[in-house]
Amino acid sequence: MEIRKYMSNWRVRLGIALIIMAAILYITNFLLFRDLHDTLFYLDIDLAFIPIEALIIVLVLEWIIGEREKRNLLQKMNMVIGSFFSEVGTELLAGISEFDSKTEKIRKKLIMTDEWTKKDFLEASNRIQNYNFHVYIGENNPDSIHYFQELKAFLVKNREFMLRLLANPNLLEHDSFTDLLWAVFHLTEELENRTDLTNLPKADYQHLAGDTERAYSLLVYEWLQYMEHLMENYPYLFSLAIRTNPFNPDATVEIQDPPKGMI
């Protein structure tokens, strides 16, 4: 039963066929030229070359195939990440940044242009990693409470979409983005389980602020990585992302005419 199972594998059948074909060719060579010495000599040379062929296949071809698969996986992951920012992430960044009391300290580092290079992204990323995010929610800031009521509805509305992203197998190799999704899910659950956000204890507002800061910091980091990916691979998408930058208060999707005298 096991033999029949292996024989049904096309690779096994192909291997057996190739071995038989090689044996037929060697036998034919011997029958035609009647020179056993030369036949065995060339057979020995061919056998000696097998380890070198295996080395080439395993170390070189496997590496080439692995690199190609890695690029394809990265491409698929960035497509998923792009859909997240299109549907949820960019709006989250724009809203939460309004209640980060220190946003102005990093805003300039996050307003990019089409002249940015990898060095600029590296500097921005280093600045973000050393930045202490601080989101304030409280009864003394009614605008923040109103926003988080809207945020609650927005996240609940998009929960199914984010669940589908989390189930995407392409994200198994992207731990940081998976951490971001979990942080946003946790924030969603925290907000959803509070029926009234207008009259919470001060300690509870601080707890919600901590959950928001966690999601916000991961959002900014992943957004930077995604923007760098667009710059390197999709300049036209990068152009649109610049014109809809959530950290740029003057951002406008319309392409503006140059000032008079500069045409």
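The coordinates are above.
Below is a short write-up of the structure. Not measured: the values here are computed from a predicted model. (Residues numbered from 1 in each chain as written. Predicted model: local features only at pLDDT ≥ 70, side-chain atom pairs only at ≥ 80, totals over all residues. Heavy atoms only, no water.)

1. Quick notes on the nonpolar core
Move 1: Among the nonpolar cores identified, the biggest contains 58 residues, and F84, L92, M112, L151, L155 and W223 are the most heavily contacted of them.
Move 2: Counting only elements with at least two residues in this core, the list comes to helix 3 (36-97), helix 4 (103-110), helix 5 (118-129), helix 6 (142-157), helix 7 (159-166), helix 8 (175-192), helix 9 (202-233) and helix 10 (235-243).
Move 3: Sorting elements by how many residues they give to this core places helix 9 first, with 13 residues.
Move 4: The residues contacting F84, other than those within four sequence positions of it, are G89, F161, M162, L165, F177, L180, L181 and L219. (Core = buried A, V, L, I, M, F, W, Y, C linked by side-chain atoms within 4.5 Å. Buried < 20%, exposed > 50% of the residue type's maximum accessible area, 1.4 Å probe, protein only. Helix = DSSP H or I, 4+ residues; strand = E, 2+ residues; numbered from the N terminus. Contact = heavy atoms within 4.5 Å.)

2. Quick word on the packing of aromatic side chains
Move 1: Counting across every chain of the model gives 13 aromatic pairs.
Move 2: Each ring, one from F84 and one from F85, has its centre 5.2 Å from the other, and the planes form 75°; the classification is edge-to-face. Here F84 matches F85 in class, with each residue buried.
Move 3: Ring pairing ties together the aromatic residues F84, F85, F177 and Y226, which thus form one cluster. (Phe/Tyr/Trp six-rings, centres within 6.5 Å; stacked < 30°, edge-to-face > 60°.)

3. Observations concerning the packing of helix 7 against helix 8
Move 1: Two numbers describe how helix 7 lies on helix 8: the axes approach to 11 Å, and their chain directions differ by 150°. Comparing their axes, helix 8 and helix 7 come out roughly antiparallel. Handedness of the crossing formed by helix 7 with helix 8: left-handed. Listed contacts from helix 8 to R159, M162, L163, L165 and L166 of helix 7 are T178, L181, W182, V184, F185, T188 and E192.
Move 2: Here the residues of the contact of helix 7 with helix 8 sort into eight nonpolar, two polar and two charged. (Axes fitted to C-alpha atoms, helices over the stretch in contact; angles between N-to-C directions. Parallel < 35°, antiparallel > 145°, perpendicular 65-115°, else oblique. Left-handed = near helix turned anticlockwise from the far one by under 90°. Nonpolar A, V, L, I, M, F, W, Y, C, P; charged D, E, K, R; others polar.)

4. Focus: the pattern of salt bridges
Move 1: This model, assessed by the stated rule, comprises seven salt bridges.
Move 2: Between E190 and R194 there is a salt bridge whose closest N-O contact spans 2.7 Å. Each member of the pair, E190 together with R194, is buried.
Move 3: A salt bridge links R214 to D211; the nearest nitrogen and oxygen atoms lie 3.1 Å apart. Separated by three residues within a single helix, R214 and D211 lie in helix 9, roughly one turn from each other.
Move 4: Using a relative accessible area of 41% as the deciding quantity, one classes R214 as partly exposed.
Move 5: Within the structure, one salt-bridge network assembled from shared partners comprises K118, E228 and E232. (Salt bridge = Lys/Arg side-chain N within 4 Å of Asp/Glu carboxyl O.)

Nothing here speaks to function; it is all geometry.
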